[in-house]
Amino acid sequence: MKKLQMVDLKGQYEKIKDTVTQSMLEVIDTTAFINGPEVHAFQKELEEYLDVKHVIPCANGTDALQIAMMGLGLKPGDEVITADFTFAATVEVIALLQLTPVLVDVEPDTFNIDPEAIKKAITPNTKAIVPVHLFGQAANMDEIMEIAREHDLYVIEDNAQAIGANYHFKDGATKKAGAIGHVASTSFFPSKNLGCYGDGGAIFTNDDKLAHTIRGIVNHGMYERYHHDVVGVNSRLDSLQAAVLRVKLPQLDQYNKARQEAAQKYTAALQNVEGVTVPYTEGAADTNVYHQYTIKIADGKRDALAKHLSEKGIPFGIYYPIPLHSQKAYKDDRYREEDFTVTNQLVEEVISLPMHTELDDEQITFITETIADFLKK
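All of these numbers come straight from a predicted model, not from anything done at the bench.

**Q** Looking at this structure, I do not really get the overall build of the chain. What am I missing?
**A** Broken down by element type, the chain carries 12 helices and 14 strands. For 377 residues, the compact-globule formula gives about 21 Å, and the C-alpha radius of gyration of the chain, at 21 Å, lands near that figure. For the chain, the C-alpha atoms occupy an extent of roughly 70 × 55 × 40 Å along the three principal directions. Relative to all contacts within the chain whose residues are 6 or more apart in sequence, the contacts with residues 24 or more apart total 72%. In the form shown here, the chain has an accessible surface area of approximately 16,800 Å², with 49% of it arising from carbon and sulfur atoms. The positive charge centre, built from 36 side chains, and the negative charge centre, built from 55, are 3 Å apart in the chain.

**Q** Just checking my understanding: could you explain the side chain of D8 for this structure?
**A** Assignment of secondary structure puts D8 in the segment before helix 1 (9-30). Among buried charged residues, D8 stands out as having no salt bridge; its nearest opposite-charge side chain is K2, 4.5 Å away. Within the local environment of D8, its side chain forms a polar contact with the side chain of Q5, the two groups lying 3.4 Å apart. Filtering out sequence-adjacent residues up to four positions away, D8 remains in contact with K2, H356 and E358.

**Q** Even after reading the chapter, I still don't get the pairing of strand 2 (residues 79-83), so can you show me in this structure?
**A** In regular strands, side chains alternate between the two faces of the sheet. The element strand 2 is extensively covered by neighbouring structure, given that five of its five residues are classed as buried. In this region the chain leaves strand 2, passes through helix 4 (residues 89-96) and returns to the parallel neighbour strand 3 (residues 100-104); the handedness of that crossover is right-handed. Summarising the sheet, strand 2 and strand 4 (residues 126-130) pair through four bridges and their orientation is parallel. For T82, the partnering residue across the bridge sits in strand 4 and is V130.

**Q** What am I meant to see in the packing of helix 3 (residues 61-71) against helix 4 here?
**A** Think of two packed helices as two axes; the pair is described by the angle between the axes and how far apart they sit. Packing of helix 3 against helix 4 brings their axes to within 9 Å, and their N-to-C directions diverge by 45 degrees. Considering the angle they form, helix 3 stands oblique to helix 4. Here helix 3 runs over helix 4; the crossing is right-handed. Where helix 3 approaches helix 4, its residues T62, L65, Q66 and M69 are matched on the opposing element by A89, T90, E92, V93, I94 and L96. The class makeup of the residues in the contact of helix 3 with helix 4 is six nonpolar, three polar and one charged.

**Q** Which parts of the structure should I look at to understand the sheet that holds strand 12 (residues 276-277)?
**A** Backbone hydrogen bonds hold the strands of a sheet together, and the pairing may be parallel or antiparallel. Taken in spatial order, the three strands make up an open sheet running 12-13-14, and their pairing is antiparallel. The sheet is open, and its two edges are formed by strand 12 and strand 14 (350-353), each paired on a single side. In terms of strand pairing, strand 13 (residues 293-297) meets strand 14 through four bridges, oriented antiparallel. Each residue of the ladder has a partner; that of T294, found in strand 14, is S352.

**Q** How should I be thinking about the sheet that holds strand 8 (residues 183-187) in this particular structure?
**A** If you trace the seven strands from one edge of the open sheet to the other, you get 1-9-8-5-4-2-3, paired in mixed fashion. This sheet does not close on itself; its edge strands, each paired only once, are strand 1 (54-58) and strand 3. Direction aside, the axes of adjacent strands within the sheet are offset by 25 degrees on average. Note that strand 1 and strand 9 (residues 201-205) share five bridges and pair antiparallel. In the sheet register, H54 faces strand 9, and the bridge partner there is T205. In the packing of helix 3 onto the sheet, contacts are made with strand 1, strand 4, strand 5 (154-158), strand 8 and strand 9, and the angle to strand 8 comes to roughly 165 degrees. Each of strand 4 and strand 5 touches helix 6 (residues 141-151); the most contacted strand, strand 5, lies at about 150 degrees to it.

**Q** Please clarify how the pairing of strand 1 should be interpreted in this entry.
**A** Taking burial as the measure, the five residues of strand 1 include five buried ones, the bulk of the element. Of the two faces of strand 1, the one carrying H54, I56 and C58 and the one carrying V55 and P57 are both buried.

**Q** In this structure, what is going on with the pattern of salt bridges? I would like to understand it.
**A** Going through the model one piece at a time under the given rule, you end up with 14 salt bridges. K10 is the salt-bridge partner of E14, the closest N and O atoms lying 3.4 Å from each other. You can see E14 and its partner K10 sitting in helix 1, four residues apart, about one turn around the helix. For K10, a relative accessible area of 53% gives the class exposed. Residue E358 is joined to K15 by a salt bridge in which the shortest nitrogen-to-oxygen separation is 2.8 Å. Taken together, the residues span a long stretch of sequence, with E358 in the loop between strand 14 and helix 12 (361-376) and K15 in helix 1 at a distance of 343 residues. What makes E358 buried here is its relative accessible area of 9%. In this structure K15 comes out as exposed when scored by relative accessible area, which is 65%.

**Q** Looking at this structure, I do not really get the packing of aromatic side chains. What am I missing?
**A** By convention here, two paired aromatic rings are described through the distance between centres and the angle between planes. Throughout the structure, instances matching the rule amount to 13 aromatic pairs. By the ring-pair criterion, three or more aromatic residues cluster together here, those being F85, F87, F111, F135, Y319 and Y320.

**Q** Can you help me understand the environment of T365 in this one?
**A** On the secondary structure map, T365 appears in helix 12. C-alpha separation for the pair T365 and Q327, spaced 38 residues apart in sequence, amounts to 37 Å.

**Q** What is the right way to read the nonpolar core from this model?
**A** Nonpolar side chains in soluble globular proteins generally cluster together in the buried interior. Formed by 37 residues in total, the largest nonpolar core has its most connected members in I81, F85, V104, I113, I118 and I144. Mapped by element, the contributors of at least two residues to this core are strand 2, strand 3, helix 5 (115-121), helix 6 and helix 11 (341-349). Among the elements that make up this core, the one with the highest residue count is helix 6 (five residues). Not counting residues up to four positions away in its chain, the partners in contact with V104 are I81, T82, A83, D84, I113, A117, I118, A121 and F340.

Conventions we followed
- The written sequence of each chain sets the order in which its residues are numbered from 1.
- Predicted model: local features are reported for residues with pLDDT of at least 70 only, side-chain atom pairs are reported and counted for 80 or more only, and whole-chain, interface and lining totals are derived from all residues.
- Hydrogens and waters are ignored; side-chain quantities use all the structure's heavy atoms.
- Helix numbering and strand numbering both begin at the N terminus, where a helix is a DSSP run of H or I of at least 4 residues and a strand a DSSP run of E of at least 2.
- As defined in this context, the radius of gyration uses C-alpha atoms, and a globule is described by 2.2 Å times the residue total to the power 0.38.
- Contacts are assigned to residue pairs that have any heavy atoms within 4.5 Å of one another.
- Note on areas: these come from Shrake-Rupley sampling with a 1.4 Å probe, and a residue is covered only by the protein chains present in the view.
- Charged residues are defined narrowly, with Lys and Arg counted positive, Asp and Glu counted negative, and His plus the chain ends left uncounted.
- Where a charge sits is defined by one atom per residue type, namely NZ (Lys), CZ (Arg), CG (Asp) or CD (Glu).
- Each residue's exposure class comes from its accessible area (1.4 Å probe, protein chains only) as a fraction of the maximum for that residue type: buried when under 20%, exposed when over 50%, partly exposed otherwise.
- The term salt bridge refers to a pairing of a side-chain nitrogen on Lys or Arg with a carboxyl oxygen on Asp or Glu at a separation within 4 Å.
- Counting of polar contacts relies on pairs of N or O atoms within 3.5 Å, with two restrictions inside protein: one atom must be capable of donating a hydrogen and the other of accepting it, and residues adjacent in sequence are counted only when both atoms are side-chain atoms.
- We call a crossover right-handed when, viewed with the strands running away from us, the connection from the first strand over the helix to the second turns clockwise.
- Following DSSP output, two strands are said to pair if at least two bridges run between them.
- With axes taken as lines fitted to C-alpha atoms, and helix axes fitted only over the stretch in contact, angles between N-to-C directions fall between 0 and 180 degrees.
- For this classification, under 35 degrees means roughly parallel, over 145 means roughly antiparallel, 65 to 115 means roughly perpendicular, and everything else is oblique.
- Helix crossings fall into two classes, left-handed where the near helix is turned counterclockwise from the far one by less than a right angle and right-handed where it is turned clockwise.
- Residue classes follow a fixed rule: Ala, Val, Leu, Ile, Met, Phe, Trp, Tyr, Cys and Pro count as nonpolar, while Asp, Glu, Lys and Arg count as charged, and any other residue, Gly among them, counts as polar.
- Any two rings among Phe, Tyr and Trp, with Trp reduced to its six-membered ring, count as a pair given centres within 6.5 Å; such a pair is stacked if its planes are under 30 degrees apart, edge-to-face if over 60, and tilted if neither.
- Each nonpolar core is a collection of buried residues, namely Ala, Val, Leu, Ile, Met, Phe, Trp, Tyr and Cys, held together in the definition by side-chain atoms within 4.5 Å.

This is how it looks when you write it as structure tokens:
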């Protein structure tokens, strides 16, 4: 059996090695390292894939989220509602901009932000909602967009984990995750479903005026060299990373299909194992691209299972071990533990299994049998 890895970037790279090498060498030969033709070509290709009017590449996913908020003109003290159960980058940028983060609980099945919790958290100071499309599945955007319209709020999609996922609306329409709200961000960190070979990110929007503002922000606030019209940052996707992403973007649907097939095999093997709750997918199979395959382990056995997996050479992740409302940097007297019952349970039960495009049947069988055998004891 091949060595088990949480993410097998090497195996994926071997299949596209020659094309990637050629694309990167072409960038080096042209020496167009910043804002070169590869960046502009990738931008256009991703716009077509997502069916959005504007993709603005930037240096990383955290910058993408921060720049999206800067573009909306949110002011210090404005409240931004987001999920308690997610990576810290989501709330980090809210705090960095001196906005007020408002953390709310998530749904027990999808682990995505709970629309009912959003409604309860809205105040006259609320200006935006940041749904995180966690582990590869879009949040309930029908309800979130309805809430936003009712209260005149911005919706900023954190799409770092669900690029390529479809969202099927109640009216029958379908859009890609990240193409629904007023603006969205994504990350091209190497382990993402669409990852480059370093850091990278992008912002998406269908709003022409907002796109223009954001294009200035990512480049020191300049639209014309040495003319600084807005307060900006230095956040650009370099051409070498764009060259890699141009090779991988045409493969994204196949990459996601491979993840979905691996997830189906995991689920078939684990769904009847006592003490295991397999991931829940809302609606059609194409709504979840399984950035992570995350199960819940009941009866306080998660940590013991994690130890057992380590002993067997099986990598795993615990995403996330501490709720954001309990983190030292984001504690707030407004928060009450009874408002985070789902999150507080998830941090004790979740464990993510190896998930990537190169998983094979032998590996999946070994992982699932190891889990089943341990839980039968």
